[in-house]
Amino acid sequence: DTAVSQTPKYLVTQMGNDKSIKCEQNLGHDTMYWYKQDSKKFLKIMFSYNNKELIINETVPNRFSPKSPDKAHLNLHINSLELGDSAVYFCASSPLGTSNQPQHFGDGTRLSIL
Amino acid sequence: QKEVEQNSGPLSVPEGAIASLNCTYSDRGSQSFFWYRQYSGKSPELIMFIYSNGDKEDGRFTAQLNKASQYVSLLIRDSQPSDSATYLCAAPAGGTSYGKLTFGQGTILTVHP
């Protein structure tokens, strides 16, 4: 019954590796998001997709590439991982990508770079 | 100036007291505001949203919005130890930033028995 689910929950890897995080929502929402939460708990948006179309692309290194095969899925691929990429990555979704719609978050993926 | 700023914490209140969490925002175009609660190691959970000036109550929670002062607050009445968490205020970026939410830095609330 999980509304927004992410895999994996934990990801520990070496610097320089490439990794992917997957997200799926079963709420029927049109818009999905990726957020990064750093060690100080500051939550910052990275990307937003509305019905498979990229809408928001914040100042994120192009080592990060989102992909949305359909409106229920939004994956995040990260190339050449760096120490500073260590954080918790949250996927979220909302009914529409308008500003007055609450967003629902997945449980997060805790990425640790060794 | 940060786009969304919350009162510095941590905030500690005794059980049964009222906890007051405050947030200011810089974008006058913002129309809706959200309060999320995040327990340690968990994901943000929506607890309140408010669109109109004034108060909105939901159980022990009351959100207050003052658009003229660009200020939004969350009051938690009869605080319980289970309310201990980080509270995040969020506001839309406005303009053409489709669905973009800007979060404050969070306020850590501890309710002690």
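Residues numbered from 1 in each chain as written. Chains lettered and ligands numbered in written order. Predicted model: local features only at pLDDT ≥ 70, side-chain atom pairs only at ≥ 80, totals over all residues. Heavy atoms only, no water.

**A closer look at the state of the cysteines**
Each disulfide is one covalent bond, formed between the sulfur atoms of two cysteines.
Here is step 1 of the chain: For the coordinates displayed, the defined rule picks out two disulfides over all chains.
Here is step 2 of the chain: Between the sulfur of Cys23 of chain A and that of Cys91 of chain A lies a disulfide, 1.9 Å long from S to S. Looking along the S-S bond of the Cys23 of chain A-Cys91 of chain A disulfide, the torsion reads about -80 degrees, which is the left-handed sense. Residue Cys23 of chain A is located in strand β3 (residues 19-25), and its partner Cys91 of chain A is located in strand β9 (residues 87-94); the two are separated by 68 residues in the primary sequence. Judged on exposure class, the residue Cys23 of chain A and its partner Cys91 of chain A are both buried.
Here is step 3 of the chain: The disulfide partner of Cys23 of chain B is Cys89 of chain B, and the S-S distance across this bridge is 2.1 Å. Because the sign of the S-S torsion sets the handedness, a value of about -75 degrees for the bond joining Cys23 of chain B and Cys89 of chain B places this disulfide among the left-handed ones. (Disulfide = S-S within 2.5 Å. Helix = DSSP H or I, 4+ residues; strand = E, 2+ residues; numbered from the N terminus. Buried < 20%, exposed > 50% of the residue type's maximum accessible area, 1.4 Å probe, protein only.)

**A closer look at the packing of aromatic side chains**
Here is step 1 of the chain: Under the definition given, this model contains 11 aromatic pairs over all chains.
Here is step 2 of the chain: On the basis of an interplanar angle of 85 degrees and a centroid distance of 5.5 Å, the ring pair of Phe105 of chain A and Tyr36 of chain B is categorised as edge-to-face. Placement of the pair is Phe105 of chain A in strand β10 (residues 104-105) and Tyr36 of chain B in strand β4 (residues 33-38), with the two residues belonging to separate chains. For the pair Phe105 of chain A and Tyr36 of chain B, a shared accessibility class is recorded, and that class is buried.
Here is step 3 of the chain: The interplanar angle of 40 degrees and the centroid separation of 5.3 Å between the aromatic rings of Phe49 of chain B and Tyr51 of chain B together place this pair among those described as tilted.
Here is step 4 of the chain: Residue classification places Tyr51 of chain B among the partly exposed positions, given a relative accessible area of 32%. (Phe/Tyr/Trp six-rings, centres within 6.5 Å; stacked < 30°, edge-to-face > 60°.)

**Details of the sheet that holds strand β7 (residues 64-70) of chain A**
Paired through backbone hydrogen bonds, the strands of a sheet run either parallel or antiparallel to each other.
All names here are of chain A.
Here is step 1 of the chain: Across the sheet, which stays open at both edges, the four strands sit in the order β1-β3-β8-β7 with antiparallel pairing between neighbours. Lying at the two open borders of the sheet, with one neighbouring strand each, are β1 (4-7) and β7. Each adjacent strand pair in this sheet contributes to an overall mean axis angle of 20 degrees, direction not counted.
Here is step 2 of the chain: When β3 meets strand β8 (residues 73-78), the two strands line up antiparallel, connected through four bridges. What sits directly across from Glu24, in β8, is His73. (Pairing = 2+ DSSP bridges. Axes fitted to C-alpha atoms, helices over the stretch in contact; angles between N-to-C directions.)

**Concerning the sheet that holds strand β6 (residues 54-58) of chain B**
Residues and elements named next belong to chain B.
Here is step 1 of the chain: Taken in spatial order, the five strands of this open sheet run β1-β3-β8-β7-β6, and their pairing is antiparallel. The open sheet has two edge strands with one neighbour each: β1 (4-6) and β6. For this sheet, the mean angle separating the axes of adjacent strands, direction not counted, is 20 degrees.
Here is step 2 of the chain: As defined by bridge partners, strand β7 (residues 61-66) adjoins strand β8 (residues 71-76) across six bridges and the pair is classed as antiparallel. Across the sheet, Thr62 pairs through a bridge with Leu75, a residue of β8.

**Remarks on the environment of Glu82 of chain A**
All names here are of chain A.
Here is step 1 of the chain: Inspection of the secondary structure assignment puts Glu82 in the loop between β8 and β9.
Here is step 2 of the chain: Of the residues examined, Glu82 reaches a relative accessible area of 41% and is grouped as partly exposed.
Here is step 3 of the chain: A distance of 3.5 Å separates the side chain of Glu82 from the side chain of Arg63, its partner in a polar contact. (Polar contact = N/O pair within 3.5 Å; in protein donor to acceptor, adjacent residues only side chain to side chain.)

**Points about the interface of chain A and chain B**
Here is step 1 of the chain: In this assembly, 24 residues from chain A lie in contact with 20 residues from chain B.
Here is step 2 of the chain: The contact between chain A and chain B buries some 1,900 Å² in all, and 56% of this surface belongs to carbon and sulfur atoms.
Here is step 3 of the chain: Of all elements in the fold, only β4 (31-37), β5 (43-50) and β6 (53-57) of chain A reach the threshold of two or more residues within the side of chain A that touches chain B.
Here is step 4 of the chain: Across the side of chain A that touches chain B, the residue classes tally to 10 nonpolar, 10 polar and four charged. (Contact = heavy atoms within 4.5 Å. Buried area = accessible area lost by both parts, 1.4 Å probe. Nonpolar A, V, L, I, M, F, W, Y, C, P; charged D, E, K, R; others polar.)

**Quick word on the pairing of strand β11 (residues 109-113) of chain A**
All names here are of chain A.
Here is step 1 of the chain: The element β11 is extensively covered by neighbouring structure, given that four of its five residues are classed as buried.
Here is step 2 of the chain: In this structure, strand β2 (residues 10-13) lies alongside β11, joined through four bridges in parallel fashion. Following the sheet pairing, Thr13 is matched in β11 by Ile113.
Here is step 3 of the chain: Where β9 and β11 come together, three bridges link them in antiparallel fashion. The residue of β11 that forms the bridge with Ala87 is Leu111.

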